[in-house]
Amino acid sequence: MSVLAWSNGQYTLDGEPYRILSGAIHYFRVVPDYWEDRLRKLKACGFNTVETYVAWNVHEPQQGEFRFQGLADVAAFVTLAGQLGLHVIVRPSPYICAEWEFGGLPAWLLREEGTQLRCMDPAYLAHVDRYYDVLIPELLPLLSTNGGPILAVQVENEYGSYGNDTAYMQYLREGLEKRGVDVLLFTSDGPTDEMLLGGTIEDVHATVNFGSRAAESFAKYREYRKDEPLMVMEYWNGWFDHWGEPHHVRDAADVAQVMDDMLESGSSVNVYMFHGGTNFGFYNGANHIRQYEPTVTSYDYDAMLTEWGDVTDKYRAVRAVMEKHGIPEGGALPAPIPKRAYGEVALAQRSGLFTQLDVLSEPVRMTATATMEQLGQSYGFILYSTELRGPRNNQKLHIRDVHDRALVFLDGRPLGVIERWNNEPLDISVPAGGARLDILVENMGRINYGPLLRDPKGITKGVLLDNQFQFDWTIRPLPLYSEELAGIQYETAAAPEPGPAFYRGYFDAEEIGDTFLRLDGWGKGVAWINGFNLGRYWEAGPQRTLYVPGPLLRQGRNEIVLFELHQPAEGAVIALTDRPDLGIVADMDQSALHFVTDAVEE
């Protein structure tokens, strides 16, 4: 049994002075076959601890249906870390941010319009309690007080950037304790008055998050916590990307210098991220500061390990700082995982979306439009269809508050696109005999940070022709589960056609290795390999390739499926290459890394 505690500004482990040197790796962003590789690389660098969030929506994707297998096997990840000689910090707070879909909250919470999130709302807390009744027993045997590797557990995450409900924070803390969590509890917030006032509770250890200006951040922290040890729970050593922006890169020397400053001050630290991984499937989040900005599929984060697990200059620079401070290496560095180029793949089969609707979905008749959540759907796409009566000449089609991107069709012909961030109406004319209107809406990721966290998807406030609401809709939820895709009937693809369609092709792999799916000439959509949802692609960039971990491949024949929303360019190809491409690089403004509110205040 080991106990992490603190006194007189110093952590102790079993009564001896201790410094936490941690790196963040999220088990749900890394295929399980690679957990050991990433953890060994963390330890080899000299870190003694791994930190991970616990994503509620990964473990309870449908209300009352819990999942702890595969990517969701948090206990296996923690156990493996312990077997490798690492301690673990676990952050199971109901909300995690993490640029993850809805900040880790399950989308089904939004079915109940009156339920308030992250506060002392009884309905919300009842859901949290039912989740913790299942989750916490998974973790209890792994607490250090029970001989496991978990030294500390987070109560709530960056709560000061959202609310100030101290009773809610105490409720979560007491809920952990009554379920048997008896290791060190903590909170983490940015180093501002607002955040430290709203996000901390007096008798729970407080930590801070930032990416630069360490002395200034610690000074603010000391105004509130004079005797507690310094701990940077998130040292942001890189940053994430939004679609349509450049790829963010931070100078390795700058990262090392701030790390040096923190160690000189005597602080403990958790590097966020040591290894970012991937937002597989539909799990990327989004921000909304000036406008809605969805996060890309890659969560490379310009971290110490790349998305595909390679050591970077940043890794070597931080290792040099740790050596300067007398921190030894933790073992041999595993060799890089082989990369393979499998060449171009012909997607010779095509199936238009509108021909396969009965395979993919059951229709729902409703008077007015409804959101995904109201229909019990969390992710993917949703199709709204109605019959318009004519004649109507030169009118405007308005979609009120579409979340997030709508493709509009009139009698099967593309009419245009309406986007949340560019919600301009479309010109429409309806012939005397009437016409069919179809609106395909993509959920591009729920907001994961800030006051706009409640983010229902689909058409949220109705459809108008000029100023007239349109009623009588047939709605089809399209979550695009892999088992549904298996029933699609394909035909040999001819020349490229407009409109959303599925494309399928095959390739052979004699030797298995990591590879990267390149989609030059394709517009926007989703990619699956052997039934596994790799995530979204979009010509808007910056990301130009999707990471394909080797364990997803099979020796022999492998299947690739794309759901392309628009139309591939003439001569468009896909290729499996051994070279990643995360897009055009933009050096980061380091001042924006002090804490997230800098971006809000600009």
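Residues numbered from 1 in each chain as written. Predicted model: local features only at pLDDT ≥ 70, side-chain atom pairs only at ≥ 80, totals over all residues. Heavy atoms only, no water.

Visitor: What am I meant to see in the side chain of Arg 420 here?
Guide: For Arg 420, the location among the structural elements is in the loop between strand S22 (413-419) and strand S23 (426-430). Accessibility expressed as a relative area gives 17% for Arg 420, which makes it buried. Among the polar contacts listed, one links the side chain of Arg 420 to the side chain of Asp 404, at a separation of 2.6 Å. Only 2.9 Å separates the side chain of Arg 420 from the side chain of Asp 455, close enough to count as a polar contact. Arg 420 has contacts with His 288, Tyr 292, Val 402, His 403, Asp 404, Ile 447, Asp 455 and Lys 457, leaving out every residue within four places of it along the chain. (Helix = DSSP H or I, 4+ residues; strand = E, 2+ residues; numbered from the N terminus. Buried < 20%, exposed > 50% of the residue type's maximum accessible area, 1.4 Å probe, protein only. Polar contact = N/O pair within 3.5 Å; in protein donor to acceptor, adjacent residues only side chain to side chain. Contact = heavy atoms within 4.5 Å.)

Visitor: What's the story with the environment of Ala 303 in this structure? I'm lost.
Guide: Within the secondary structure layout, Ala 303 lies in the loop between strand S14 (292-294) and helix H9 (313-324). The class for Ala 303 is buried, based on a relative accessible area of 3%. Residues Ala 303 and Asn 237 lie 66 residues apart in sequence; the distance between their C-alpha atoms is 6.5 Å. Residues contacting Ala 303, with those up to four places away along its chain left out, are Asn 237, Met 273, Phe 274, His 275, Gly 276, Thr 312 and Lys 314.

Visitor: Can you walk me through the sheet that holds strand S4 (residues 21-25) in this structure?
Guide: Reading around the circumference, S4-S5-S6-S7-S8-S9-S10-S12 is the order of the eight strands in this closed barrel, with parallel pairing throughout. Here the strands of the sheet are splayed against their neighbours by 30° on average, with no regard to which way each runs. The strands touched by helix H5 (residues 166-178) within the sheet are strand S7 (150-157) and strand S8 (184-189), with S7 carrying the most contacts at an inclination of about 150°. Sheet contacts for helix H8 (residues 252-264): S4, strand S9 (205-210), strand S10 (231-236) and strand S12 (268-275); angle to S10, the most-contacted strand, approximately 175°. (Pairing = 2+ DSSP bridges. Axes fitted to C-alpha atoms, helices over the stretch in contact; angles between N-to-C directions.)

Visitor: When you look at the pairing of strand S21 (residues 405-410) in this model, what are you seeing that I'm missing?
Guide: Both faces of the sheet carry side chains from a regular strand, because those side chains alternate between them. With six of six residues buried, S21 lies mostly within the body of the structure. Covered by surrounding structure in S21 are Arg 405, Leu 407 and Phe 409 together with Ala 406, Val 408 and Leu 410, the residues of both alternating faces. Bridge count for S21 against S22 is six bridges, and the pairing is antiparallel. Bridged to Leu 407 within S22 is Val 417. Here S21 hands over to S22 after two residues, with Asp 411 in that stretch at a positive phi of 50°.

Visitor: What am I meant to see in the sheet that holds strand S2 (residues 10-13) here?
Guide: Working definition: the strands of a sheet are paired by backbone hydrogen bonds and lie parallel or antiparallel to each other. Reading across from one edge, S1-S2-S3 is the order of the three strands in this open sheet, with antiparallel pairing throughout. Edge positions in the open sheet fall to strand S1 (4-7) and strand S3 (16-18), since each of these has one partner strand only. Sheet twist, expressed as the average angle between the axes of neighbouring strands with direction ignored, equals 50°. Bridge count for S2 against S3 is three bridges, and the pairing is antiparallel. Within S3, the residue paired with Leu 13 across the bridge is Glu 16.

Visitor: Is there a simple way to explain the pattern of salt bridges in this structure?
Guide: A side chain of one charge can pair with a side chain of the opposite charge if their charged atoms are brought near each other. Here the structure, examined in full by the defined rule, presents 38 salt bridges. One salt bridge connects Asp 358 with Arg 476, and the closest N-O pair in it is separated by 2.9 Å. Of this pair, Asp 358 sits in helix H10 (residues 357-360) while Arg 476 is found in strand S28 (residues 473-478), placing the two residues 118 residues apart along the sequence. Note that Arg 446 is salt-bridged to Glu 373, the shortest N-O span being 2.5 Å. A residue pair is termed long-range when its members are at least 10 positions apart, and Arg 446 in the loop between strand S24 (435-442) and strand S25 (458-459) and Glu 373 in the loop between strand S17 (364-366) and strand S18 (381-388) qualify at 73 residues. Overall, Glu 373 belongs to the buried group, its relative accessible area being 1%. Connected through salt bridges with shared partners, the residues Asp 404, Arg 420, Asp 455 and Lys 457 form a single ionic network. (Salt bridge = Lys/Arg side-chain N within 4 Å of Asp/Glu carboxyl O.)

Visitor: Would you explain the environment of Leu 465 in this entry?
Guide: Looking at the secondary structure, you find Leu 465 in strand S26 (residues 463-465). Residues Leu 465 and Pro 568, spaced 103 residues apart in sequence, show a C-alpha to C-alpha distance of 31 Å. Not counting residues within four places of it along the chain, the set of residues in contact with Leu 465 comprises Leu 388, Arg 392, Gln 395, Lys 396, Leu 397, Ile 428 and Gln 470.

Visitor: Help me understand the side chain of Lys 314 in this model?
Guide: Mapped onto the elements of the fold, Lys 314 is located in helix H9. In this structure, Lys 314 is in contact with Asn 237, Gly 238, Arg 250, Ala 252, Val 255, Asp 302, Ala 303 and Met 304, ignoring residues within four places of it in sequence.

Visitor: Honestly, unusual backbone geometry in this entry has me stumped. Any pointers?
Guide: Peptide bonds are mostly trans, and most non-glycine residues show a negative phi. Note that the residue after Tyr 272, namely Met 273, is joined by a cis bond; omega there is 0°. Tracing the backbone shows Met 273 in strand S12. For the peptide bond that leads from His 403 to Asp 404, omega is 25°, which places it in the cis range. Considering the arrangement of structural elements, one finds Asp 404 in the loop between strand S20 (402-403) and S21. The residue Arg 118 is not glycine, and still its phi comes out positive at about 55°. Along the chain, Arg 118 turns up in the loop between strand S6 (87-91) and helix H4 (122-139).

Visitor: I tried to follow the packing of aromatic side chains on my own but got confused; where do I start?
Guide: According to the stated counting rule, one finds 35 aromatic pairs in the structure shown. Here the aromatic rings of Trp 35 and Phe 77 are separated by 5.4 Å at their centres, their planes lie at 80°, and the arrangement is edge-to-face. A residue pair is termed long-range when its members are at least 10 positions apart, and Trp 35 in helix H1 (residues 35-44) and Phe 77 in helix H3 (residues 74-83) qualify at 42 residues. By the burial criterion, Trp 35 is buried, and Phe 77 matches it. Ring geometry for Phe 381 and Phe 563: centres 5.2 Å apart, planes at 90°, overall edge-to-face. In this pair, Phe 381 sits in strand S18 while Phe 563 sits in strand S35 (residues 556-564), placing the two residues 182 residues apart along the sequence. (Phe/Tyr/Trp six-rings, centres within 6.5 Å; stacked < 30°, edge-to-face > 60°.)

Visitor: So what exactly am I meant to see when it comes to the packing of H4 against H5 here?
Guide: In a pair of packed helices, the angle between the axes and the distance between the axes together describe the arrangement. Between H4 and H5, the least distance of the axes is 11 Å, while the angle of their chain directions is 25°. With respect to each other, H4 and H5 are oriented roughly parallel. Note on packing geometry: the crossing formed by H4 with H5 is right-handed. The residues of H5 that touch H4, namely those facing Tyr 124, Leu 125, Val 128, Asp 129, Tyr 132 and Ile 136, are Tyr 168, Tyr 171, Leu 172 and Leu 176. Of the residues belonging to the contact of H4 with H5, the class tally is nine nonpolar, no polar and one charged. (Parallel < 35°, antiparallel > 145°, perpendicular 65-115°, else oblique. Left-handed = near helix turned anticlockwise from the far one by under 90°. Nonpolar A, V, L, I, M, F, W, Y, C, P; charged D, E, K, R; others polar.)

Visitor: Explain the confidence of the model for the protein chain here, please?
Guide: The predicted coordinates of low-pLDDT regions are not to be read in fine detail. Per-residue pLDDT for the protein chain averages 95, and the proportion of residues at 70 or more is 97%. No element of the protein chain has a lower mean pLDDT than helix H12 (residues 597-601), at 38, and none a higher one than strand S5 (residues 49-53), at 99. Per-residue pLDDT stays below 50 along residues 591-602; that stretch engages in 34 contacts with residues further than four places along the chain or on separate chains. (pLDDT = per-residue confidence, 0-100.)

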